[in-house]
Structures are given as structure tokens and as C-alpha cells.
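A look at the structure
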Amino acid sequence: MRVFSIFKREIKAYFVSPIAYVILAIFLIIIGFFFYNMFMYFNLRSMQMAQYPYMARGMSLNEMVVRPLFQNMSVIALLVIPMLTMRLYAEEKKSGTIELLFTAPLSDVETAIGKFLAAFFMFFLMSGLTVLYPFIMSRVSTIEWGPVWSGYIGFLLMGGAFISIGLAISTLTGNQIVAALLTFGMLLFFWMIGWSSEFVSGAGGNVLSYLSLIEHFDDFAKGVCDTRDIVYYLSVIFLGLFTTVQMLESSKWRA
Amino acid sequence: MIEVKSLTKYYGPVRAVDDISFQVKKGEILGFLGPNAAGKTTTMRILTCYLKPTFGTATVCGFDVHKNSLELRRRIGYLPENVPIYPEMRVRTYLHFWAEIKGIPGKKRRGEVNRVAERCGLENVLSRPTGKLSKGFRQRVGLAQALIGDPEVLILDEPTVGLDPKQIIEVRNLIKSFSKEKTILLSTHILPEVSMTCGRVIIINEGKLTAIDTPENLDRHLRKSHRVIMEVKGACESVTHILEHVDGVQAVRPLRIRENFFSYTLDTDIGKEVRPLLAEAVIKNGFNLLEIRPLEMSLEEIFLKLTTQEAGGKGR
Ligand SMILES: Nc1ncnc2c1ncn2[C@@H]1O[C@H](COP(=O)(O)OP(=O)(O)O)[C@@H](O)[C@H]1O
Ligand SMILES: [Mg+2]
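Residues numbered from 1 in each chain as written. Chains lettered and ligands numbered in written order. Predicted model: local features only at pLDDT ≥ 70, side-chain atom pairs only at ≥ 80, totals over all residues. Heavy atoms only, no water.

1. Topic: the overall build of chain B
For chain B, the count of helices and strands is 11 helices and 14 strands. In summary, chain B has a C-alpha radius of gyration of 25 Å against a globular reference of 20 Å for 316 residues, an excess of more than 25%. Along the first, second and third principal axes, the C-alpha atoms of chain B reach 85 × 45 × 35 Å. A burial count over chain B gives 53% of its 316 residues as buried. Contacts in chain B between residues far apart in sequence, at least 24 positions, make up 68% of those at least 6 positions apart. Counting only carbon and sulfur atoms, one obtains 51% of the accessible surface of chain B, whose full area is about 14300 Å². When the 48 positive and 38 negative side-chain charges of chain B are each reduced to one mean point, those points stand 7 Å apart. (Helix = DSSP H or I, 4+ residues; strand = E, 2+ residues; numbered from the N terminus. Rg over C-alpha atoms; globule rule 2.2 N^0.38 Å. Buried < 20%, exposed > 50% of the residue type's maximum accessible area, 1.4 Å probe, protein only. Contact = heavy atoms within 4.5 Å. Areas by Shrake-Rupley, 256 points an atom, 1.4 Å probe, with all protein chains shown as cover. Lys, Arg positive; Asp, Glu negative; His and termini not counted. Charge placed at Lys NZ, Arg CZ, Asp CG, Glu CD.)

Shown next, in the form of C-alpha cells:
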């Protein structure tokens, strides 16, 4: 119940500030742009292929458009999610309302979950609007919806993981810009350790690749909902929430 | 209702509160008086469970800040120093939000919001955004927020700071009107405030408790004539010279009243009655003593005396 009160207030706060609309617009326009480019490229190729039918067999809309589209979306999520999470605690720290929140009879777990869900709802909304693009595709061409939905499930799980990391970082500072930049840096780091896994041999490489936030997403984009990937993202979400609560508790001892 | 035992709080190496103990009884208004950076806010933040003490304990309504923080928080209303608000929310939604958070059941929420709004004179601004309110109304919104859920204890951190004189009086009266049903701890760095609103005063300086008493007692205790005023007819230099040499006199400040008549303000040693000696010295030297009386010290001066290191109240 209290979680829901926090959730509601956060959602309203998103929509009174221009930030939500800006983020929404950026997200939709950039992804629309990617989508348009890839779809046009696909059409061009299919027209070329039409002249050589035997080559067209390997061409699939999902492989050529949907999967890269999800990859691009994940890059945009990396850029946009820090902007969603930066205010969660930083704004309350700055304005001092955190003092009222922490002295009210509700636990830190409740505020953390309420705030997490609010940012996640915004992300859900953003992602939901992009379903428009595959829908357009399906009107002019045949598309397999299975991998699209599994891609969205993966995208939401990955976004949830990003958000819970951003939430934890936003407890560290009263400056929203600092919170956003730190979150961005952190996400980028966990994104890139997947790349270095290619050069590290053996178990070390596997660990790095397992830790990488993006590595687990690719399966979803290919249309595979692997339990291991789901468990990975859920544990990152849990860890982020846990860290958030720990940081809040420790801030009471420090200052 | 509030019990504080050897409370100490460090911010890193900075000791903001140093071994403070006191109690607040049910129904009492206790004033927490101290200059800026004395540690008032820190103490209140510990009592409201916003901060944890480094050492010591505190209980409110029998609930410990460590062990029963949630139960404790149900029983206090808190007005933080800068009266934080969510500027985008309207007064009604703002109060409604806190009523939800404080666990007022759905059906009673509306009534509770109306009750506190009426109590704090907010009926006419309920649909205004909190971010657009004047400082005086913002303070009332903060007080209304603290009153939601009818807590037994109110903790108010500098409730009148930054208000104009009219608003100060209004807010003070508001606080006094709560005092019948509630236990109140309020902090201030303005002295007259405590004598006007509080039953007892704690004076705190640099994290340490300097005095705890009723405003009247503090007054009486400290007014034991540290200062004497005399009016003498005669040459200023010689009279000053004579007075300065009386045992127990620390300083003499003459002030010309009219030709050949001077008023002298004397600082004297604490706890020593020097007036007979002064009178004798003046008369023995052939001057006319027109008046001699102890100078009433204002609470401001007592406060300064208690919170400045220098003895004898010369630290002005
Ligand atoms: N969050 C903090 N971090 C570090 N030092 C602090 C913090 N808050 C207060 N202080 C220091 O602790 C001392 C007491 O501050 P405070 O309790 O705010 O005093 P007051 O409310 O009486 O003005 C001051 O020296 C202040 O600088
Ligand atoms: Mg203060």
C-alpha cells in the first residue's frame, strides 16, 4: 500500500517535469530512425534478391531487422535509463524531502521498491510504444512474432537491471547529473567487460562474459528465453535493490 | 516521553553532539536553544531516526531509536529545518500523500487532511502548488504535515526561522495551541522565542549541554548582579578611577548624562556583592551618589554568557 503511494507520487513527478517527455521523445525518434534505416536496407536487399531468387532463401526479416533493432534499442536504453533513475533519490536528497521520507513510518525497502517500480513503469511505457515499429513491419511483410516478444521480455529484464543499478547509485549523491554520469559509467563498464571476455581465456573469460549486462540479452533477441538469462537479470535487479537499502542504512550512520 | 542518554554523534572526525542527556515529560514544551552549528538539528535528526547516534541511546514514547525505529516514527511529527516539500504537488495532494504514507486508512484520509489543514489555517490554499507558497504558508504546510496522524510528540526544528515578524507570531501561536495535547521539542537560535513558548529550556553549544532549566530560573540564576549601574555627580575621570579600584570591579563604562552628572555601568565579579563597597568609596571621596542598582540582564545576555567562552559576559 505504501509502496503504491510512493509509486504514484514518483510517476506524477516524472510527468510534471519535462524530462519524461524528452526521454520518451528521444527514445522513440532514435529507435524510429534506426528502424527506418534498417527496414529500407532490408527492402533494398530483398528487391535485389528478387532477381536472384536462390540467394533470397537465407534472408529473414527477423535476422536482418528485428535483432539489430533490439541491439540498437539496448544501446539507447544504456543512454536513457541513467536519466530516468538519476532523480530517484538524488532529487529528494537535494530538496530535503528525504528527511521526511526517512522519518515517516515506512521502511527503506518500501521506498526502494516504490521508486524502482515507478522508473520501471516509465521504461515499460517507452518500450511499449516501440512495439509500433514491428507492428508496421508486420503490415508490409511477414514477421515472426515469437522472437519479437522474447526480445521484448529480454529488453524489459535488462532495463530492470539497469534501473536497479541506477537506483542504488542515485542514493550516493544529491546531484542528479553526477548520479546520471556515474550510472552511465557503471552500466558501460558492465557492458564492456563482455568484450574483454574474448581475450581472456578459460574460466576467467566465461565469468566476464557471464557478468556482462549485454551478453545475456542477445539470446532473447535471437528468440531464446533461457532461464539462466532470466535468473541473471533478476539477480542483478535484486542485488541493486539490496545495495540501495544497504546504502540508505549506512548513510544514517555516516551523515 | 523523550529520553536522551549520553548521546554522541560524529560526522567523520567532527563531533557534532557530545554526550547529551535530557528528558522531556509528557505535555511539556522543551526549547532547544543554541547558536548555529551547536548540534540542535543533529540531535533532532537522531530522535526522528533520520540519523543513528555514534554512542548513546534515545527513546521516544518508550521506543528505542535503534530497536523500534518504525514504532517510534509512528508517534512523532517532524518539521525539518528547511521545511522540505514536493514543489509540484498541491497542498491537498501533498497532505494526502503523507496521510497515505503515515497509514491513515483510506476512508479517514480526507477528513484527516481537512482537520490538519483547518488547524493550520490552510483552507484557502489547499489547491495551490506547495512550491508557489509564501514562506509563512510553507511553514504551516510543514506543521500540518507533522500533525497528520495525530502523533503524541512533535519535533520542530527552528519553526520560525526566515519568517517576518507577523508570521512569527502566527506560527508561535499555532505551536502554543498544540501544546495542550502534545509533547513538543522545538529548537531555535532566537532567544525570546523560548521565553515565550517553552516551559523549559536546554542550552546547547558546540555539541555540549550548557544549561537546562525553566526560562525564569535561568534568568534569576544568572541575574545575580554581574552588572551595576550608578549615577554620580562629579568629575568623570576621578570617579572612574575610584570605582575601578574597588575590590571586585572588572570594568567601568561612564556615560555622560548632563554637565557634571555621569552614569556608570560596572562589570563585577560573579557572586560578589560589591554595592556597599561602591557606595562607601564614592561617598568617602566626597562625591554625591544619586543612584545605585543592579542591571537586569536580558535573556540574550544570559545566552551569550552561557555560550561564549569568556567569563563575565564580555564576549559581546
Ligand atoms: N551531514 C553533515 N556532515 C558533516 N557535518 C555536519 C553535517 N551536518 C551537520 N554537520 C556539522 O555538525 C555541527 C552541528 O550541526 P547542526 O546539528 O546542524 O547544528 P544546528 O542545527 O544547531 O545549527 C556543525 O558543525 C555542522 O557543520
Ligand atoms: Mg539547525
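2. Let's talk about the coordination of the magnesium ion (ligand 2)
When four donors bind a metal tetrahedrally, each ideal donor-metal-donor angle is 109.5 degrees, and when six bind octahedrally, the ideal angles are 90 or 180 degrees. All names here are of chain B. Taken together, Thr 41 (OG1) and Glu 81 (OE) make up the full set of protein donors to the magnesium ion (ligand 2), lying 2.0 to 2.6 Å away. With Thr 41 in helix H1 (residues 40–47) and Glu 81 in the loop between strand S6 (76–79) and helix H3 (91–101), the pair connects residues that are 40 residues apart, well separated along the chain. Taking relative accessible area as the criterion, Thr 41 reaches 17% and is therefore assigned buried. Of the residues examined, Glu 81 reaches a relative accessible area of 26% and is grouped as partly exposed. (Donors = N, O, S within 2.8 Å, 3.2 Å for Na, K, Ca; no water.)

3. So, a nonpolar patch on the surface
All names here are of chain A. Residues Val 22, Ile 26 and Ile 30 make up a contiguous nonpolar surface patch of roughly 200 Å² in combined accessible area. Mapped onto the secondary structure, Ile 26 falls in helix H2 (residues 18–51). Relative accessible area serves as the criterion here: at 31%, Ile 26 is assigned to the partly exposed category. (Patch = residues over 30% accessible without salt bridge, like charges linked within 9 Å, V, L, I, M, F, W, Y side chains within 5 Å. Salt bridge = Lys/Arg side-chain N within 4 Å of Asp/Glu carboxyl O.)

4. Quick look at the interface of chain B and chain A
Counting from both sides, the interface comprises 31 residues of chain B and, opposite them, 29 residues of chain A. Summed over both sides, the interface of chain B with chain A buries roughly 2600 Å², with 63% coming from carbon and sulfur. A per-residue breakdown of the area chain B buries against chain A is headed by B:Tyr50, B:Arg73 and B:Ile101, which together make up 24% of the total. If you look at where chain B meets chain A, you find 12 residue pairs in polar contact (both at pLDDT 80 or more). When contributions to the side of chain B that touches chain A are tallied by element, the ones reaching two or more residues are strand S1 (2–11), helix H2 (69–74) and H3 of chain B. A total of six residues in the side of chain B that touches chain A trace back to one element, the largest contributor, which is H3(B). A per-class count over the side of chain B that touches chain A returns 17 nonpolar, five polar and nine charged. (Buried area = accessible area lost by both parts, 1.4 Å probe. Polar contact = N/O pair within 3.5 Å; in protein donor to acceptor, adjacent residues only side chain to side chain. Nonpolar A, V, L, I, M, F, W, Y, C, P; charged D, E, K, R; others polar.)

5. Re the nonpolar core
Core analysis: the biggest nonpolar cluster contains 144 residues, and B:Leu95 and B:Trp98 have the highest contact counts within it. With 18 residues, the next largest nonpolar core counts B:Val228, B:Val246, B:Ala281 and B:Phe287 among its residues. (Core = buried A, V, L, I, M, F, W, Y, C linked by side-chain atoms within 4.5 Å.)

6. Let's talk about the side chain of B:Gln139
All names here are of chain B. Mapped onto the elements, Gln 139 comes out in helix H5 (residues 135–147). The exposure class assigned to Gln 139 is buried, which follows from its relative accessible area of 0%. Residues in contact with Gln 139, not counting those within four places in the same chain, are Leu 79, Val 83, Glu 158, Pro 159, Thr 160, Val 161, Leu 163 and Val 171.

7. Some points on the packing of H2(A) against helix H8 (residues 132–140) of chain A
Residue and element names in this part refer to chain A. At their nearest, the axes of H2 and H8 sit 10 Å apart, and the two run at 25° to each other. Taken together, the axes of H2 and H8 are roughly parallel relative to one another. As for the relative orientation of H2 and H8, their crossing is right-handed in sense. Contacts between H2 and H8 pair Leu 28, Ile 31, Gly 32, Phe 35 and Phe 39 from the former with Tyr 133, Ile 136, Met 137 and Val 140 from the latter. For the contact of H2 with H8, a count of residues per class yields eight nonpolar, one polar and no charged. (Axes fitted to C-alpha atoms, helices over the stretch in contact; angles between N-to-C directions. Parallel < 35°, antiparallel > 145°, perpendicular 65-115°, else oblique. Left-handed = near helix turned anticlockwise from the far one by under 90°.)

8. Observations regarding the sheet that holds strand S8 (residues 183–188) of chain B
All names here are of chain B. Strand order in the open sheet formed by six strands is S6-S7-S8-S3-S9-S10, with mixed pairing between adjacent strands. Each having just a single partner strand, S6 and strand S10 (208–213) make up the two edges of the open sheet. The average angle at which neighbouring strand axes cross in this sheet is 15°, direction not considered. Two strands pair when backbone bridges link them, and strand S3 (residues 29–33) and S8 are joined in this way by five bridges, in the parallel orientation. Along S8, the bridge assignment pairs Ile 29 with Ile 184. Of the strands in this sheet, S3, S6, strand S7 (153–157), S8 and strand S9 (200–205) touch H1, which is tilted by about 150° from S8. (Pairing = 2+ DSSP bridges.)

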